[in-house]
Amino acid sequence: MTEEPSSGVGTADRIPPGQRHVPGWPVSHYGPVPRFRPERWNLRVFGATASGRTHEWVFDDLAGLPRTTVLADLHCATGPTSTDHEWYGIPATAVLDLAPPAPGVTHIMAWAEYGYSANLRLSDFTSPHTLLATHHNGEPLTAEHGFPLRLVVPHLYGYKSPKWLRGIEYMTADRRGFWEERGYHNIADPWKQQRYSYQEEEADGAAS
Ligand SMILES: Nc1nc2c(c(=O)[nH]1)N[C@H]1C(S)=C(S)[C@@H](COP(=O)(O)O)O[C@H]1N2
Ligand SMILES: [Mo]
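Residues numbered from 1 in each chain as written. Chains lettered and ligands numbered in written order. Predicted model: local features only at pLDDT ≥ 70, side-chain atom pairs only at ≥ 80, totals over all residues. Heavy atoms only, no water.

Before going further, it helps to spend a moment on the pairing of strand E6 (residues 107–112). Burial of E6 is extensive: five of the six residues sit out of reach of the surface. Two elements, E6 and strand E7 (residues 117–121), share five bridges in a ladder whose sense is antiparallel. The residue of E7 that forms the bridge with Ile 108 is Leu 120. Connecting E6 to the antiparallel partner E7 that follows it, the hairpin turn spans four residues, and Tyr 114 within it adopts a positive phi of roughly 65°. (Buried < 20%, exposed > 50% of the residue type's maximum accessible area, 1.4 Å probe, protein only. Helix = DSSP H or I, 4+ residues; strand = E, 2+ residues; numbered from the N terminus. Pairing = 2+ DSSP bridges.)

Printed below as a string of structure tokens:
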């Protein structure tokens, strides 16, 4: 038996195939870091809601929403995996309770500042590990890691976890998000190495 030398207990079996463990927490995103303007900030839940209305929360509303803590690793599809993140925030299931989707909803689009987006199957969004994080390791998120709010979908590659989250769109059919339209896999399961769109099978779906 060999020990995993690079970090804490039992890290080796937590690194998906083709990934490498990196120390600390690298910053990775496309484009600039947006400036937070509290008076202009909101989170909108729109699209195929059960009520037909758009739900909206302003920044101060976030403190009144349910909270959860999730321990997880973060796998960037280009290779780096950073480990042992303690996320704190609003469980995605709470969003679905407070702003119910219409019966036909199968997918969601998570929208971020500057039009960044990531599509998810509803089943990935409703995972008990999916959350809208406000804090990391006990501190508010830093600007470069997504302050004030980011989606975290720990069981998928990092591009499915938009930083600077501003909207959740309920969809009755799948549609590709930002990286999914640019050659990345529509589903993005790191344990299946679903990195690129050319690997997709018919069931992984979504025309652009
Ligand atoms: N808004 C936005 N969110 C984003 C991205 C981006 O380009 N824009 N990149 C994603 C990618 S590819 C990864 S791997 C993770 C990285 O998160 P981190 O910088 O906190 O490590 O953020 C994701 N969220
Ligand atoms: Mo990434």
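Surveying the vicinity of ligand 1 reveals 18 residues, the closest of which are Ser 28, Tyr 30, His 145, Arg 150 and Lys 163. In the model, an oxygen atom of ligand 1 is placed 2.8 Å from a nitrogen or oxygen of the Pro 26 main chain. The separation between an oxygen atom of ligand 1 and a polar side-chain atom of Arg 150 is 2.7 Å. Contact with the protein chains hides 95% of the accessible area of ligand 1, taken as 530 Å² for the molecule alone. (Near = heavy atom within 4 Å. Polar contact = N/O pair within 3.5 Å; in protein donor to acceptor, adjacent residues only side chain to side chain. Areas by Shrake-Rupley, 256 points an atom, 1.4 Å probe, with all protein chains shown as cover.)

With that settled, consider the side chain of Arg 195. Among the secondary structure elements, Arg 195 is positioned in the segment after strand E11 (165–171). There is a polar contact of 2.6 Å between the side chain of Arg 195 and the side chain of Gln 19.

Let's shift gears to the pattern of salt bridges. Taken as a whole and judged by the stated rule, the model has eight salt bridges. The salt bridge involving Arg 14 is made with Asp 73; its shortest N-O contact spans 2.8 Å. Taken together, the residues span a long stretch of sequence, with Arg 14 in the segment before strand E1 (20–21) and Asp 73 in strand E4 (residues 68–75) at a distance of 59 residues. Through salt bridges with shared partners, a single ionic network connects Arg 14, Asp 73 and Asp 84. (Salt bridge = Lys/Arg side-chain N within 4 Å of Asp/Glu carboxyl O.)

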